[in-house]
Amino acid sequence: MKVNNLKIQNFRNISDISIEFDSETNVICGENAQGKTNIIEALWLFSGAKSFRGTKDNEYIKFGEKKAKIYTEFNMLGVENNAQIVFEDKKTAFLNEKKLSNTSSLAGKFNAVVFSPSDLTLVTDGPDKRRRFLDTAIGQLYPNYIEILRNYTRAVMQRNKIIKDYRYDKTLSVMLEVFETEIVDMGNKITEYRKRYINILNKYVSKIYSGISSGKENVEIFYLSKNEILDNEILKNSRQNDMFTATTSVGPHRDDIVFKINEISARNFGSQGQKRSVALSLKLAGAEVIKEISGEYPICLLDDVMSELDEGRQNYILNHIRNWQSFITCCDTSNIKNLKAGKVINIRNGGVI
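All values reported here derive from a predicted model rather than from experimental measurement.

Here we look at the overall build of the protein
Within the protein, the secondary structure is distributed over 10 helices and 15 strands. Taking 353 residues into account, the globule formula puts the C-alpha radius of gyration at 20 Å, and the protein, at 22 Å, falls close to it. The principal-axis extents of the C-alpha atoms in the protein amount to approximately 70 × 50 × 35 Å. Of all intrachain contacts in the protein linking residues separated by at least 6 positions in sequence, the fraction that spans at least 24 positions is 70%. Summed over all atoms, the accessible surface of the protein reaches about 16400 Å², with 48% contributed by carbon and sulfur. Where the 50 positive side-chain charges of the protein centre and where its 44 negative ones centre are 2 Å apart.

Notes on the sheet that holds strand β11 (residues 264–265)
Note: strands within a sheet are paired through backbone hydrogen bonds, in either parallel or antiparallel orientation. Read across the sheet, three strands follow the order β9-β10-β11 without closing on themselves; strand pairing throughout is antiparallel. Looking at which strands have only one partner, the edges of the open sheet turn out to be β9 (219–224) and β11. With two bridges joining them, strand β10 (residues 256–261) and β11 adopt antiparallel strand pairing. Its bridge partner being in β11, I261 is matched across the sheet by I264.

Concerning the packing of aromatic side chains
This structure, assessed with the given rule, holds nine aromatic pairs. Where F74 meets F110, the ring centres are 5.0 Å apart and the plane angle is 80°; that geometry is what we call edge-to-face. Taken together, the residues span a long stretch of sequence, with F74 in strand β4 (residues 68–76) and F110 in the loop between β7 (98–99) and β8 (112–115) at a distance of 36 residues. Centre to centre, the rings of Y145 and Y193 are 5.2 Å apart; their planes meet at 70°, and the pair counts as edge-to-face. Pair noted here: Y145 is in helix α4 (residues 143–163) and Y193 is in helix α5 (residues 173–212), with a separation of 48 residues, a long-range link. The pair formed by Y145 and Y193 is uniform in burial state, with each residue classed as buried. Members of the aromatic cluster, connected to one another through ring pairs, are F11, Y60 and F87. Sitting above the plane of the Y193 ring, R196 keeps its charged end 5.0 Å from the centroid. The ring of F222 is capped by K260, whose NZ or CZ atom sits 5.4 Å from the centre of that ring.

Remarks on helix α9 (residues 272–294)
In this model α9 runs 33 Å from its N-terminal to its C-terminal C-alpha over 23 residues, within 8% of the 33 Å that 1.5 Å per residue would give. Counting buried positions along α9 gives 17 out of 23 residues, so the element sits mostly inside the fold. Just downstream of α9, G295 is the residue with a positive phi angle, here 90°.

A few points about the packing of α5 against α9
Relative to each other, α5 and α9 sit at 130°, their axes nearing to 7 Å. Between α5 and α9, the interaxial angle falls into the category oblique. The handedness of the crossing between α5 and α9 comes out as right-handed. Residue classes in the contact of α5 with α9 are distributed as 15 nonpolar, four polar and three charged.

Thoughts on the pairing of strand β14 (residues 343–348)
Where strand β3 (residues 25–29) and β14 come together, four bridges link them in parallel fashion. Each residue of the ladder has a partner; that of C29, found in β14, is N346. Both β14 and strand β15 (residues 351–352) contribute to a ladder of two bridges, which runs antiparallel. Within β15, the position partnered with R348 by the bridge is G351. In this antiparallel pair of consecutive strands, β14 and β15, the connection spans two residues, and N349 shows a positive phi of 50°.

As for the side chain of R131
With respect to the secondary-structure elements, R131 resides in helix α3 (residues 127–141). Buried and unpaired, R131 has D128 as its nearest opposite-charge partner, separated by 5.3 Å. A distance of 3.1 Å separates a polar side-chain atom of R131 from the backbone oxygen of H253.

So, unusual backbone geometry
Backbone geometry places N96, a non-glycine residue, at a positive phi of 55°. Positionally, N96 belongs in the loop between β6 (91–95) and β7. At N349, a position not held by glycine, the phi torsion is positive, near 50°. Mapped onto the elements of the fold, N349 is located in the loop between β14 and β15.

Cut-offs applied
Within each chain, residues carry numbers counting from 1 in the order of the written sequence. Residues qualify for local features only when their pLDDT is at least 70, as the model is predicted, and side-chain atom pairs are given and counted only at 80 or more; totals for whole chains, interfaces and linings, by contrast, use all residues. Heavy atoms from the whole structure form the basis of all side-chain values; hydrogens and water molecules are not counted. Elements are defined by DSSP. Helices are runs of H or I of four residues or more, strands are runs of E of two residues or more, and each kind is numbered from the N terminus. For the radius of gyration, the atoms used are the C-alpha atoms, and the globule rule reads 2.2 Å times the number of residues raised to 0.38. Should any heavy atoms of two residues lie within 4.5 Å, those residues are counted as being in contact. Residue burial considers only the protein chains on display, and all accessible areas are found by Shrake-Rupley using a 1.4 Å probe. A residue counts as positive if it is Lys or Arg and as negative if it is Asp or Glu; His and the chain ends are not included. Positions of charges follow a simple convention, taking NZ of Lys, CZ of Arg, CG of Asp or CD of Glu. Here a strand pair is declared whenever DSSP counts at least two bridges between the two strands. For this analysis, a ring pair means two rings from Phe, Tyr or Trp (six-membered ring only for Trp) whose centres lie within 6.5 Å, classed as stacked if their planes differ by under 30 degrees, edge-to-face if by over 60, and tilted for the remaining angles. For every residue, the accessible area (1.4 Å probe, protein chains only) is compared with the maximum for its type, and the residue is labelled buried under 20%, exposed over 50%, or partly exposed between those bounds. Throughout this description, the term charge over a ring refers to an Arg CZ or Lys NZ atom that lies within 6 Å of the ring centre and within 35 degrees of the ring normal. The span you would expect from a helix comes to 1.5 Å times its residue count less one. Between N-to-C directions, angles cover 0 to 180 degrees, with each direction set by a line fitted to C-alpha atoms, over the stretch in contact for helices. Here roughly perpendicular refers to angles of 65 to 115 degrees, roughly parallel to angles under 35, roughly antiparallel to angles over 145, and oblique to all remaining angles. Handedness of each helix crossing follows the sense of rotation of the near helix against the far helix: counterclockwise by less than a right angle gives left-handed, clockwise gives right-handed. Amino acids are sorted into nonpolar (Ala, Val, Leu, Ile, Met, Phe, Trp, Tyr, Cys and Pro), charged (Asp, Glu, Lys and Arg) and polar (every other residue, Gly among them). Counted as salt bridges are all cases of a side-chain nitrogen of Lys or Arg within 4 Å of a carboxyl oxygen of Asp or Glu. Think of a polar contact as two N or O atoms within 3.5 Å of one another; within protein, one of them needs to be a possible hydrogen donor and the other a possible acceptor, and neighboring residues in sequence only count if both atoms come from side chains.

In short, the description is geometric, and any link to function would need to be established separately.
Spelled out as structure tokens, the structure:
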């Protein structure tokens, strides 16, 4: 897919801008706090996912204003579309002038992958970050997965509320069984989606990592689950321990993924450069998965990644992402000296110069 343009009004520090984009590489340059990442964030929100910066809805509106708007025109699978998100008392999304029930309804209608400095924690932090990566990526490809995940999360929360009182009142087992049945049903579907996604992801991540690291190493991804298949008996047997912690100790909300470089844990033994390359490869491989399943590349959003890479890796990012559109922010113009084709957009004080 290709994004033709972006119009922003009263979004973050941006009052009113309109940008036309190159069909391949777009480098957004400017000093810190000028609005570069705000442009990347605006584009990402059209994917139907939550902000990669953890932004709350009321924080999108520029200080002193009551409403913000972002609007884009894009081509997906040969069809021209437009989308708009309005931030007021709540977020409202529109696709081709038609109001949607919520912004997550844009999932699958506008495909994107995003990489930001915080994504380095995909390798270094705890499993919740990696689960969130999987769920966001899968939700873009299969919008019904979002509803499955919501139902699962709701059932787990309900079980957690009840389980703490179970030691005092065993009649609660009837209610527990209701929610445990839903946890089993939704949980096995989630695990199946995740494993299928990782199987496809592994086809691409090694090749991309090899390109970024100049062919020196190989990387693989493994899905770790305490229970390959969840059933009611497993949950019933965990009640004794769960009632003391008021948590559900089994299920895909406890699963993890592991990255191995040459069969060695990247998290435990990888260098900072290796971990950075793994995280970046993971996001770029995610774009390849979208291409395989949807038939078209998503847009690629790379926020403040150039300064973290050596010249060889910078060259790979600038000139080896071909046939799909990329948006790359940078502060130092020397980082893009090897750019062979594309457009440079300079940003200052929330405006294009």
